[in-house]
Amino acid sequence: QVQLVESGGGLVQAGGSLRLSCAASGRTNYHMGWFRQAPGKEREFVASIAGSGASTYYRDSVRGRFAISRDNAKNTVYLQMNKLRPEDTAVYYCAVRRSSGNGYDDWGRGTQVTVSS
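Residues numbered from 1 in each chain as written. Predicted model: local features only at pLDDT ≥ 70, side-chain atom pairs only at ≥ 80, totals over all residues. Heavy atoms only, no water.

Caption draft 1: Region of the structure containing the overall build of the protein chain. On a plain count of helices and strands, the protein chain comes out with 0 helices and 11 strands. Mapped in sequence order, the helices and strands of the protein chain form the string β-β-β-β-β-β-β-β-β-β-β. In terms of overall dimensions, the protein chain is globule-like: its C-alpha atoms have a radius of gyration of 13 Å, near the 13 Å expected for 117 residues. Its C-alpha atoms give the protein chain principal-axis dimensions of roughly 40 × 25 × 25 Å. By the burial criterion, 44% of the 117 residues in the protein chain qualify as buried. Of the roughly 6,100 Å² of accessible surface on the protein chain, 44% is carried by carbon and sulfur atoms. (Helix = DSSP H or I, 4+ residues; strand = E, 2+ residues; numbered from the N terminus. Rg over C-alpha atoms; globule rule 2.2 N^0.38 Å. Buried < 20%, exposed > 50% of the residue type's maximum accessible area, 1.4 Å probe, protein only. Areas by Shrake-Rupley, 256 points an atom, 1.4 Å probe, with all protein chains shown as cover.)

None of this, on its own, says anything about what the molecule does.
The following block contains the structure:
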């Protein structure tokens, strides 16, 4: 199992930026992703990155505004969020895919991101 701890959330005005970090324990060159869940809504995929960092994936609504990256030497994955919108408000979760398939095996506890209009 991989332990994941997110940080970097907070309150920001629309148009502002935040950088989320996800610190992982143990082996970390797995495929990793960021998800979010807004109040009253289901959790949704935001972005993911291959273990090597060579490939990245985004949901359409954040492509061009968010950037996922990783530093395997620091066991950390980042989510740079720019041009934030009120609809980006949610709890953001980091997750790791250790097994084959498209699911994620371990999750962090999340960090709150609130974007005011």
